[in-house]
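Here's the letter readout for the chains.
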Amino acid sequence: MKRYLTILLVLSFALLLPAKNRFVQVEGPNLVKPNGERLYIQGTNLGNWLNPEGYMFGLKKTNSAWMIDLMVKQLIGPDAAADFWQAFRTNYITKADIDFIAAQGANTVRLPFNYKLFTDEDYMGQTGQKQPFLLIDRVVEWCKADGLYLILDMHDCPGSQTGDNIDDGYGYPWLFESERSQQLFCDIWQQIGRHYKDEPTILGYELMNEPIAHYFDNREQLKQLLEPLYKRAVKAIRAVDKNHVILLGGAHWNSHFYMFTDWTFDKNIMFTCHRYGGPATSEAIKDYIDFRDKTRLPMYMGEIGHNTMEWQAQFVEVMKQNNIGYTFWPYKKIDDSCMMGIQRPAEWDSVIVKFSETSRNSYQEWREARPDQQQARRLLMQYAENSRFDRCIPQTDYIQSLGLGKVRR
């Protein structure tokens, strides 16, 4: 009884603390934990779970979520496709995965998600209200139990923010030219802010991933629209949540920051960059370092990886030397180049991958290319089963190259 009274007193005292003393905060170029210690982000990304990408399934041409979903429906029909996606969501990330990440010495997890989770649009076998917080709340509780922080990343925005497959769109960043999409973008972030305003396990909200790719002749004009939209979304969040850090990514794959002119409009913002290639040196990220020093705000490497173990280990040291925290991409995918590798089912390439690569421009082509449906269903469900934590293979060398600890299962 005495133990429970002590816990109640501690919780009551915590609730009485000022909000800023319960949340991670920005202090100059650093993030600071509630106890006053500096937080240096080290962790991974839960990519593919709530924003499927083709290459994580071993696919190439079929590379965005809507393409994968269409391909699966063409293979086995909409009902069986919904069953596959349900098994995929259930198995791919569980408490065991979060426990494992924490056991490696990580302190932060970045969770990419698709805005469609917050609408009634058809997505991953679901229509109507999808109860998005049911999934995210579970991750919050698992992270809380393991002492991990969680960054929420809208990887796929209304109208598309990038103009390539990674935003699950249709090849152009219409978000920046659509008032309806911008309003929905702000409304969803406000909904998220309202739900998590009192949750200190959430480190912050990353408004959008990799906006405005380099493919478009009007990309410079589009980049000028990025800061105003960020300010609009921050205002919407601050109307309901004044506690959390808000993360702003640069254009051109989170690598260009020159279009930002105002970094004083909010007292709790930071910036986030990405890097997948080039030399593993401070000079390679000089633009990021210079912008961080200019703004006196934290810079965080939200995505890095898919390289040699030597390159990754060297870049970890570069980031540590320059006070740029990081989350490697991704935690889990088919084969390797991740923390946990998913084993390809036998015949996966000859059946599933082959169908995904076959021309399907007409109904006749669909019919002629379609393999045996029972075989296809079995293979897809086997993939979902193989994605379970206890069926995955820890990539020991990869994990150690991230600057994290030895594998403990």
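Predicted model, so just to flag it, every value in this text is computed and none were measured.

Visitor: Where do I start with the nonpolar core in this structure?
Guide: Note that soluble globular proteins tend to have their nonpolar side chains buried in a common cluster. Counting 128 residues, the largest nonpolar core has L152, F185, W189, I192, L207 and M319 as its most contacted members. Excluding anything up to four places from it in sequence, I192 contacts F113, F118, F133, L152 and Y205.

Visitor: Just to check I follow, could you spell out the pairing of strand β10 (residues 299–304) for this structure?
Guide: Successive residues of a regular strand alternate their side chains across the two faces of the sheet. Burial of β10 is extensive: six of the six residues sit out of reach of the surface. Bridging between strand β9 (residues 269–275) and β10 involves five bridges; their strand directions are parallel. If you follow C273 over to β10, its bridge partner there is M301. Since β9 and β10 lie parallel, the crossover through helix α10 (residues 286–295) that links them has a hand, and here it is right-handed. Pairing geometry for β10 and strand β11 (residues 325–328), over two bridges, is parallel. Looking across to β11, one finds that Y300 is bridged to G325. The parallel pair β10 and β11 is bridged by helix α11 (residues 309–321), and the resulting crossover is right-handed.

Visitor: So what exactly am I meant to see when it comes to the pattern of salt bridges here?
Guide: Applying the stated rule across the entire model yields 23 salt bridges. We note a salt bridge from E179 to R232, for which the minimum N-O separation is 2.7 Å. Placement of the pair is E179 in helix α6 (residues 179–196) and R232 in helix α8 (residues 226–238), with a sequence separation of 53 residues. Classification of R232 by relative accessible area gives partly exposed; the value is 26%. Residue D349 is joined to R344 by a salt bridge in which the shortest nitrogen-to-oxygen separation is 2.6 Å. Among the ionic contacts, a cluster of salt bridges with common partners joins R110, D153, E206 and E303.

Visitor: Please explain the environment of S350 as it appears in this structure.
Guide: Considering the arrangement of structural elements, one finds S350 in helix α12 (residues 348–357). Since its relative accessible area comes to 47%, S350 is described here as partly exposed. Distance from S350 to P371, taken between C-alpha atoms, is 9.8 Å for residues 21 residues apart in sequence. Of note is the side chain of S350, whose polar atom sits 3.3 Å from the backbone oxygen of E347.

Visitor: Sorry, what's going on with empty space enclosed by the protein here?
Guide: Using a probe with the size of a water molecule, rolled over the atoms, empty space left in the structure can be pinpointed. The final tally for this structure, using the stated rule, is three cavities of 30 Å³ or more. Computed from the structure, the largest cavity encloses a volume of approximately 90 Å³. Taken together, 13 residues form the lining of the largest cavity, with L31, L39, M299, N323 and G325 sitting closest to its centre. Mapped by element, the contributors of at least two residues to the lining of the largest cavity are β2 (30–32) and β10. Its residues assigned to classes, the lining of the largest cavity shows ten nonpolar, three polar and no charged. Here the second largest cavity is characterised by a volume of approximately 40 Å³. Looking at the second largest cavity, the residues that line it are N51, P52, E53, N63, S64, A65, D156, N165, I166 and D168.

Cut-offs used in this document
- Residues numbered from 1 in each chain as written.
- Predicted model: local features only at pLDDT ≥ 70, side-chain atom pairs only at ≥ 80, totals over all residues.
- Heavy atoms only, no water.
- Core = buried A, V, L, I, M, F, W, Y, C linked by side-chain atoms within 4.5 Å.
- Buried < 20%, exposed > 50% of the residue type's maximum accessible area, 1.4 Å probe, protein only.
- Contact = heavy atoms within 4.5 Å.
- Helix = DSSP H or I, 4+ residues; strand = E, 2+ residues; numbered from the N terminus.
- Pairing = 2+ DSSP bridges.
- Right-handed = clockwise from strand over helix to strand, strands pointing away.
- Salt bridge = Lys/Arg side-chain N within 4 Å of Asp/Glu carboxyl O.
- Polar contact = N/O pair within 3.5 Å; in protein donor to acceptor, adjacent residues only side chain to side chain.
- 1 Å grid on protein atoms, 1.4 Å probe; cavity = no way out; pocket = protein on both sides within 12 Å on 5 of 7 lines; lining within 4 Å.
- Points joined across faces, edges and corners; volume = space filled by probe spheres on them.
- Nonpolar A, V, L, I, M, F, W, Y, C, P; charged D, E, K, R; others polar.

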